[in-house]
Structure formats: structure tokens, C-alpha cells
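# Structural characterization, general
Here's the letter readout for the chains.
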Amino acid sequence: MTEPVEETAATTDATGSAPEVEATVATTTADAGPEPIIRVEDIGIDFQGRTVLDKIHMNIYHGETAVIMGGSGCGKSTLLRLIVGAYRPSRGRILLFNEDITDLDDKEMDRLRLRFGILFQSGALYNSMTVGENVALPMREHTDLADDIIEIMVKMKLELVGLRDFGDLMPAQISGGMKKRVGLARAIALDPEIIFYDEPSAGLDPIVAGVVDMLIMDLSKKLGVTSVVVTHDMHSAFKIADRMFMLYQGNVIAEGTPDEIRNSTDPAVQQFITGAPDGPIPLRMSKTDFAKDLMGE
Ligand SMILES: Nc1ncnc2c1ncn2[C@@H]1O[C@H](COP(=O)(O)OP(=O)(O)OP(=O)(O)O)[C@@H](O)[C@H]1O
Ligand SMILES: [Mg+2]
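Residues numbered from 1 in each chain as written. Chains lettered and ligands numbered in written order. Predicted model: local features only at pLDDT ≥ 70, side-chain atom pairs only at ≥ 80, totals over all residues.

Take the pairing of strand β6 (residues 116-119) next. Here β6 shows no split at all, with Phe-116 and Ile-118 on one side and Gly-117 and Leu-119 on the other all buried. As judged from the 4 bridges shared by β6 and strand β7 (residues 194-198), these two strands associate in the parallel manner. Paired with Gly-117 across the two strands is Ile-195, which belongs to β7. (Buried ≥ 20, exposed ≤ 12 C-beta atoms within 10 Å, placed from the backbone. Helix = DSSP H or I, 4+ residues; strand = E, 2+ residues; numbered from the N terminus. Pairing = 2+ DSSP bridges.)

Among the structural elements, Gly-256 can be located in strand β10 (residues 251-256). With 16 C-beta atoms counted inside 10 Å, the residue Gly-256 sits in the partly exposed group. Spatially, the C-alpha atoms of Gly-256 and Ala-66 are 9.7 Å apart, while their sequence positions differ by 190 residues. In contact with Gly-256, other than residues within four places in its own chain, are Arg-243, Met-244 and Ile-261. (Contact = placed C-beta atoms within 7 Å.)

This part covers the packing of helix α5 (residues 131-142) against helix α7 (residues 176-187). Two numbers describe how α5 lies on α7: the axes approach to 8 Å, and their chain directions differ by 25°. Of the possible angle classes, the one that applies to α5 and α7 is roughly parallel. In this structure, α5 meets α7 at a crossing whose hand is right-handed. Across the interface between the two elements, Val-131, Asn-134, Val-135, Leu-137 and Pro-138 of α5 pack against Val-182, Ala-185 and Arg-186 of α7. Taken together, the residues that form the contact of α5 with α7 break down as 6 nonpolar, 1 polar and 1 charged. (Axes fitted to C-alpha atoms, helices over the stretch in contact; angles between N-to-C directions. Parallel < 35°, antiparallel > 145°, perpendicular 65-115°, else oblique. Left-handed = near helix turned anticlockwise from the far one by under 90°. Nonpolar A, V, L, I, M, F, W, Y, C, P; charged D, E, K, R; others polar.)

Running from N to C, α7 and helix α8 (residues 206-223) point in directions that differ by 15°, and their axes come no closer than 10 Å. On the basis of their axis angle, the class for α7 and α8 is roughly parallel. Where α7 crosses over α8, the handedness of that crossing is right-handed. On α8, the residues that touch Gly-177, Lys-180, Arg-181 and Leu-184 of α7 are Val-208, Val-211, Val-212 and Leu-215. Of the residues belonging to the contact of α7 with α8, the class tally is 5 nonpolar, 1 polar and 2 charged.

Time to look at α7. Taking 1.5 Å as the rise per residue, α7 with 12 residues should run 16 Å; its terminal C-alpha atoms sit 16 Å apart, in good agreement. Counting buried positions along α7 yields 9 of 12 residues, so the element is predominantly enclosed. Here α7 has its buried residues at Met-178, Lys-180, Arg-181, Val-182, Gly-183, Leu-184, Ala-185, Arg-186 and Ala-187. (Expected span 1.5 Å × (residues − 1).)

The strands making up a sheet associate through hydrogen bonds between their backbones, and the pairing can be parallel or antiparallel. Strands sit in the order β6-β7-β8-β3-β9-β10 across an open sheet of 6 strands; the sheet is mixed. Bordering the open sheet on either side are β6 and β10, each of which pairs with just one other strand. Shown here is a sheet whose adjacent strand axes are inclined to one another by a mean of 15°, direction ignored. Inspection of the sheet shows strand β3 (residues 65-70) paired to strand β9 (residues 243-248) by 5 bridges, in the parallel sense. From the neighbouring strand, Met-69 faces β9, where its bridge partner is Met-246. Along the sheet, α8 makes contact with β3, β7 and β8 (226-231), crossing β8 at roughly 160°.

The next point concerns the pairing of β10. Judged from the 5 bridges that link them, β9 and β10 form a sheet pairing that is antiparallel. Looking at the pairing, Met-246 lines up with Ala-254 of β10. Between β9 and the antiparallel strand that follows it, β10, lie 2 residues; Gln-249 among them carries a positive phi value of about 50°.

This part covers the sheet that holds strand β1 (residues 36-47). Across the sheet, which stays open at both edges, the 4 strands sit in the order β2-β1-β4-β5 with antiparallel pairing between neighbours. Single-partner strands in this sheet number two, and they are β2 (50-61) and β5 (99-100). One ladder, built from 2 bridges, connects strand β4 (residues 91-96) with β5; its direction is antiparallel. Counterpart to Leu-96 in the pairing with β5 is Glu-99.

Let's shift gears to the environment of Leu-169. You can see Leu-169 is positioned in the loop between α6 (147-160) and α7. For the pair formed by Leu-169 and Glu-133, sequence separation is 36 residues and the distance between their alpha carbons is 9.8 Å. Excluding its chain neighbours within four sequence positions, the residues that come into contact with Leu-169 are Thr-130, Val-131 and Ile-174.

Quick look at the structure:
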């Protein structure tokens, strides 16, 4: 079997049971008021002594679509991986559904994983399985549902992403944009309360990217889910966001509604949203002195 290229822990590794019960929780907690569904408290992460994120605070609330944006390499995917428990922070804590995930063991984390779905950049489909089997996989792994029920549920999930007639095709027989949609159908297989998206429109033409944006908004409205979208596509970000967070040099430098971000006077924010090559955001990401580096100091 060809393995998906990106992390699949959230959809395939988790062990646990009773996602039907979790689905009930989804509908009741969606109205739970102003308590954040995700709290990022003062987190930081270092890789080989290099600080990538530091002192990040972030509250994301039930039902909202939060967009995390920022330049390439600023740590967006890393932040997403921290929030879904794929990385452990070097400092600080992260609360998902009011549980401190920095404190959970693997089994407890697997239980929480059933409550959120992730759409990876590549779609991360299993190439040896049909589209329908890919969507059915989390249901087969984590529920006791009978085959005919799973078949109906797969149809419902594929209908939500507009691909009901494509269940029998192999991933190699569908386009990149369709793969993303199948990835999305799989991400919602267990009726998650939160859907995380990493660069959902990357590599898609503007029309297909627009379709994916529409799906994100549609799912958020129809299913009442909380969405966390990492993107550097400004057009898409302003269209789908209820609130936006801008990362720069390891910190959140701006947070607010699309209008507040648009009107930000921060030069780095303005440079990023206008795409200007000149401004505080540097081309070079190395922090060490070039001359000293060449001299081996
Ligand atoms: N497992 C890891 N080991 C070492 N360094 C890492 C690891 N994961 C991420 N990094 C570093 O963290 C920094 C941020 O990477 P990340 O992938 O989060 O950026 P990004 O904002 O998602 O960029 P892009 O927009 O290009 O996807 C990079 O410098 C990267 O090298
Ligand atoms: Mg990334």
C-alpha cells in the first residue's frame, strides 16, 4: 500500500471508541458560549536551539473560522502541528476542548483526535484505495458501524464536498482539487468539532481555490464546526475568516477581524497583505552573520 506522504496520525492512528457519542458532544458544545475551544497559552518551540515560535497566545472560539497567516517559514504549520498534538511545545500549554494536551499521554491524545479532523496540504490519500474507501477509513477504524451504514455515510460526506459520484475512482484518476475535496470528506468522516486546514488552496487554480473556500464556509455553516485555516493566500483569508492571526518572526503580531487587519498600521502586516517586496519582512531568513559564517566563526 502506498502511504500518504504527510502525517496521518489524526485520521488513521488513533485508537478509541464511540465517535457517535463524540458527535453528540459536537452539537451540544457548539453553543457553549464564550469559552474558547482552543487556548494557546504562552507557547514556544525550539528546534536544535533555534526558536521558531515564542510567547504565542491565541484563543479560538466555538464555531468561528480562524485564519493563521504569515510568510513562508514563519511557523504556521508548526503552530498547527502543536495545536493538534503532533509536536510538543518547548514552553507553555495548549488547551483543546478544555484539556491541556501538553499533559496528555498518547492514548488520551488519540481520544481527543477523534474530535477534530485535519486536511493536509496534499490531501494525503491512500493511493491504493478508492475515493470512497479513503473516506470510509476513519469510520472503519473507529466505529462499529455496519458496512451498509458506512456506505451511506460515505455518500453523505462525498455529497457535502460535491463528489458523490466519484466514490469508485482511484486517487490517481482525480484532479488535485478533487483530491483536496476527498481529503476534506475524510476529515469530516467522524463529524469533528474542529477542522484544521493547512494551506487548503495551495497549488490550485483560482477557480478551484474559490470552490475550496466555499466548501470551508459551507461546512462551517452546515456543520457548525470551528475551522482553523493556515494560509498565505490573502484573497482566501479575507473571504473566509471571522478572525485572523498574523505570525511574524515567531510571534503573533496582529489579531482581529478582517477589517481590523486590513486597517492595521503595522508595516509588516501591510507588507504581507499587499505583497510588497520591500518592507520589514526580509527575503533572507538566516539570522547568523554571513561573513562570520563564511570565515567559520
Ligand atoms: N521537525 C522540525 N525540525 C526542525 N525544524 C523544523 C521542524 N519543523 C519545522 N521546523 C522549522 O520551523 C520553521 C517554520 O516551519 P513551518 O513549516 O512551520 O513554516 P510555515 O510558516 O508553515 O511555512 P510555509 O508557508 O512555507 O509552509 C522552519 O524554519 C522550519 O525549518
Ligand atoms: Mg506550512
